[in-house]
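Read off the chains here:
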Amino acid sequence: TMHQLGYKPPVFCTCGSQVTTLSAWPKLGAAAEGAFGQTVSWPTQGYPGLKELADVFKTRGYETLPTYAIVGYAVLQVVEQAVQGAQTTDQEKLQEYIYKSEFKTAAGNIRFQEDGTPVYSQIFIQYIDGKNQVVWPKQHQTAQPVLRMP
């Protein structure tokens, strides 16, 4: 690892990856410290169902809510809201409804673009003192970023 080699870059970024949210990350010990990453939301943000989802994962031994759980739950929330809103299960009508609507989910308020991809809404986290902290955006910050490797 970088840690074993003594390599200490100014920034250690797992950019584009949510690897620091996986349950194995803390097992890296000191080598895990200082890593930046991204995720779609954080339990402190208060989005619908997010705290409850985090609580379920805590009972299963997860200190950090994995991104795949948030995204998976958000997808189900979108489908549920779309079926209720469009009052149908017809695929074409659901697609039309989804493209013109906003959905309140565990991943935040989601809108889709014309190409079917969601509007970007990530947060940046950093693994500090043995746990992930939100470092950006400021309104959701739980810690200041550490810009030099420990």
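Anything mentioned here points back to the structure above.
Quick look at the structure, then. Keep in mind it's a predicted model, so treat the numbers as computed, not measured.

Ordered by their spatial adjacency, 4 strands build an open sheet running 1-2-5-6, and the pairing between neighbours is mixed. A strand with exactly one partner marks an edge of an open sheet, and here the two such strands are strand 1 (12-13) and strand 6 (131-136). Sheet analysis places strand 5 (residues 123-128) next to strand 6, joined by 5 bridges and oriented antiparallel. Note that in strand 6 the partner of Ile125 across the bridge is Val134.

Below, the discussion takes up the pattern of salt bridges. Oppositely charged side chains can form a pair if their charged atoms are brought close together. Taken as a whole, this structure holds 2 salt bridges when the rule is applied. Between Lys51 and Asp55 there is a salt bridge whose closest N-O contact spans 2.8 Å. Here Asp55 and Lys51 lie together in helix 2 (residues 50-59), a separation of 4 residues that amounts to about one turn. Lys58 is the partner of Glu63 in a salt bridge, and the nearest nitrogen-oxygen pair spans 3.4 Å. With a relative accessible area of 58%, Glu63 lands in the exposed category. Taking relative accessible area as the criterion, Lys58 reaches 44% and is therefore assigned partly exposed.

Conventions and cut-offs
Starting afresh in each chain, residues are numbered from 1 along the sequence in its written order. Reporting in this predicted model follows two pLDDT cut-offs: at least 70 for local features of residues, and 80 or more for side-chain atom pairs to be given and counted; totals over whole chains, interfaces and linings ignore these cut-offs and use all residues. Excluded from the side-chain calculations are hydrogens and water; all other atoms, namely the structure's heavy atoms, are used. In short, DSSP must find at least two bridges between two strands for them to pair. Where helices and strands are cited, they refer to DSSP runs of H or I of at least four residues and of E of at least two residues respectively, numbered from the N terminus. One side-chain nitrogen of Lys or Arg within 4 Å of one carboxyl oxygen of Asp or Glu is enough to make a salt bridge. Exposed residues in this analysis have more than 50% of their type's maximum accessible area, buried residues have under 20%, and partly exposed residues fall in between, with area computed by a 1.4 Å probe over protein chains only.

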